Amino acid sequence: MGNNIQAPRGTYDVLPDQSAKWQEIEAKIIELCRLYQYKEIRTPIFEHTELFQRGVGDTTDIVTKEMYTFKDRGDRSLTLRPEGTASVVRSFVENKLFGLPDQPVKLFYTGPMFRYERPQAGRMRQFVQFGVEAIGSKDPAIDAEVISLAMELYASLGLKRLRLVINSLGDTESRIAHKEALVAHFAPRINEFCNDCQTRLEKNPLRILDCKVDRDHPLMATAPSLADYLNEESQAYFTEVKGYIEELGIDYVVDPNLVRGLDYYNHTAFEIMSDAEGFGAITTLCGGGRYNGLVEDLGGPEAPGIGFAMSIERLLLALQMEEVEIGSSDALGVYVIAMDESAKKQAFRIVKDLRANGISADMDYTGRKLKAQMKSADRKGAEYVIVIGETELANGKAALKEMATGGQQEVLFADIAAEIKNKKSLEE
Ligand code: ATP
Ligand code: MG
C-alpha cells in the first residue's frame, strides 16, 4: 500500500459522532431566520476574483494574503469564496432584488468559506459561516435586529458568556476627515512600519490600526480616534442604534478601536466575543457591520446594507468551553434484537413498522449473539429494546423494555409502534 492520503492542512472531516451537533445548529439557524423573516440565499462556491478585489477590498488581509485563486481551463481567474457578503450583494444586483416591492431584502446563508490561513483552533482553511444580510434600508432599527439575531442564536443554544462590542465607523465624510488625520499621524514615521502598512497608508490608512505586526508601535496608541471625527449625523445614527439595542435588553460595550477587517464597513460595526475560560487568543465569535455604498460599488443602485458572519467552528468551540452539550437529536429510539435466524424476519418487520411511524429503529446486521446485541443497544443509547425469540414468535408479542427505568411491558407485535407513541405523548 502506498502513503495514505490525508485531508489538506486546515480542513477536517465532520465525523458521524459530531454531525448531530452541526445539524442541531443548522436547524436552529433555519428556525431563527424564519422567526426573523430572513430568507435563504445560495450562491456559488467560486466567483470571479474581481468580485472580492472590489467587494472585500484590495488592501484587506483576505484579498492580499488569504484567497484561493486559480485559473480555470478557460483562463478565467476564479476564487473560492473567502466570505459571503460580496457574493450576496453581487446576486442582489445581478438578480435585481432591489426591485422587489418589499425592502429591505433580508437574506441568510450558510456554507463553506476558504482562506489560506495559519491553521489553529477556530482558524481553518475551509470553515463554515452562517451570515445574514439586510439590504435596502438604513433604519438604525434594522442594525439592532441583525445584532439581536446573532445574539439570540448563541443564547438559544445555551451560551451565556457573551460580550457584544459595538462601534461606529461613521459616514464617508467622517471617514475622510479621520483618514486625513491618520495620514498626518503616521506619514512622518511610516518607514518604521511593515510593508503592508506602508501600502495601507496610501490606500486605506484605517487598516493600519488593524495591523497584527505593528500593533505595539507607540504611534498606534496615540493614533487619532475615529470617535473624535464622527460628524453630527453619524453620531446621531449611532445613538439611535444603541437606543434600539437597549430596547431589546441586550448589554453591550462601545469600543472605539473596533474597526473590523473588511474595507466596506461604515457606521455600525460590531463583534460578539466569548468570555468563556480557556478560549485562548481567538475570542471573536461573530463580526458584522453596515456597508452603505457596497451595492453601488458592485454596480447596483443605492441600497444600504448591514450584515454579520459567524463561523460554526468557533460556535462549537464556545459550546465546548462553556460545557454546553448539544446534538442528542440523533439518539436511537428502539433497538430490536432477534435471538436467532428464525426471529430475524419478524424483527425486520417491526423495525420497518417503527420507522414508518416516525420512530427511529435499528437492528443487528452482523449475526451477533444476544449479549453483543444488548451491548450495542446500550452504546447506541437506545430508549427501548425489544428481544424476539421462539416464545415471542409463538405468542405474537414481545416485552418492550424501557432502558432508563428497566420497566417491561408485553405488547403485541402489531401494537408496538402505537404503544411507544402513546408513551411519548404521555411524557410530553
Ligand atoms: P479574525 O480576526 O479572527 O481573522 P476576521 O475579521 O477575518 O476574523 P470575518 O472575516 O469578519 O473574520 O469573519 C466573520 C467570522 O468568521 C469571524 O468572527 C469568525 O467567527 C469566523 N472566521 C473567520 N475566519 C475564520 C477561519 N479561518 N476559521 C474559522 N472561522 C473563521
Ligand atoms: Mg481573518
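Residues numbered from 1 in each chain as written. Chains lettered and ligands numbered in written order. Predicted model: local features only at pLDDT ≥ 70, side-chain atom pairs only at ≥ 80, totals over all residues. Heavy atoms only, no water.

K.L.:
Please give an account of the pairing of strand β4 (residues 77–80) that cites residues and values.
P.N.:
Two strands pair when backbone bridges link them, and strand β2 (residues 46–48) and β4 are joined in this way by three bridges, in the antiparallel orientation. Bridge assignment links E47 to a residue of β4, and that residue is T79. Adjacent in sequence and paired antiparallel, strand β3 (residues 68–71) and β4 are bridged by five residues, among which D75 carries a positive phi angle near 65 degrees. (Pairing = 2+ DSSP bridges. Helix = DSSP H or I, 4+ residues; strand = E, 2+ residues; numbered from the N terminus.)

K.L.:
Requested: an account of the site of ligand 1, with residues and values cited.
P.N.:
With respect to spatial proximity, 16 residues lie near ligand 1, and among them R115, E117, R123, R260 and L285 are the closest. Within the backbone of L285, an N or O atom sits 2.8 Å from an oxygen atom of ligand 1. Here a nitrogen atom of ligand 1 and a side-chain polar atom of S311 are 2.9 Å apart. Isolated, ligand 1 exposes 590 Å² of accessible area, and the fraction of that covered by the protein chains is 89%. Residue assignment for the shell around ligand 1 shows that the elements contributing at least two residues are β6 (126–135), β10 (284–290) and β11 (305–311). Among the residues forming the shell around ligand 1, the class breakdown is five nonpolar, five polar and six charged. (Near = heavy atom within 4 Å. Polar contact = N/O pair within 3.5 Å; in protein donor to acceptor, adjacent residues only side chain to side chain. Areas by Shrake-Rupley, 256 points an atom, 1.4 Å probe, with all protein chains shown as cover. Nonpolar A, V, L, I, M, F, W, Y, C, P; charged D, E, K, R; others polar.)

K.L.:
Could you give an account of the packing of helix α1 (residues 16–36) against helix α11 (residues 312–321), naming the residues involved and the relevant values?
P.N.:
Contact geometry for α1 and α11: axes closest at 11 Å, N-to-C directions at 110 degrees. One way to sum up the angle between α1 and α11 is to call them roughly perpendicular. Every residue of α11 that contacts α1 at K21, W22, I25 and I29 is listed here: I312, E313, L315, L316 and L319. Of the residues assigned to the contact of α1 with α11, the class counts are seven nonpolar, no polar and two charged. (Axes fitted to C-alpha atoms, helices over the stretch in contact; angles between N-to-C directions. Parallel < 35°, antiparallel > 145°, perpendicular 65-115°, else oblique. Contact = heavy atoms within 4.5 Å.)

K.L.:
Report on the side chain of T283, specifying residues and quantitative values.
P.N.:
Along the chain, T283 falls in the loop between β9 (266–274) and β10. When its relative accessible area of 18% is taken as the criterion, T283 is described as buried. With residues up to four places along the chain from it excluded, the contact list for T283 reads I272, M273 and S274. (Buried < 20%, exposed > 50% of the residue type's maximum accessible area, 1.4 Å probe, protein only.)

K.L.:
Give me the packing of helix α12 (residues 341–356) against helix α15 (residues 416–427): which residues, what numbers.
P.N.:
At a minimum axis separation of 9 Å, α12 and α15 run at an interaxial angle of 45 degrees. Here α12 lies oblique to α15, going by the angle between them. The way α12 lies across α15 gives a crossing that is right-handed. Between α12 and α15, the residues in contact are I350, D353 and L354 and I416, A417 and I420, respectively. In the contact of α12 with α15, the residues fall into five nonpolar, no polar and one charged. (Left-handed = near helix turned anticlockwise from the far one by under 90°.)

K.L.:
Outline the pattern of salt bridges, listing residues and values.
P.N.:
According to the stated counting rule, one finds 20 salt bridges in the structure shown. For D196, the salt bridge is made with K65, and the minimal N-O distance between the two is 3.1 Å. Pair noted here: D196 is in helix α7 (residues 195–203) and K65 is in helix α3 (residues 61–66), with a separation of 131 residues, a long-range link. In this structure, the salt-bridge partner of D364 is R368, at a minimum N-O distance of 2.9 Å. (Salt bridge = Lys/Arg side-chain N within 4 Å of Asp/Glu carboxyl O.)

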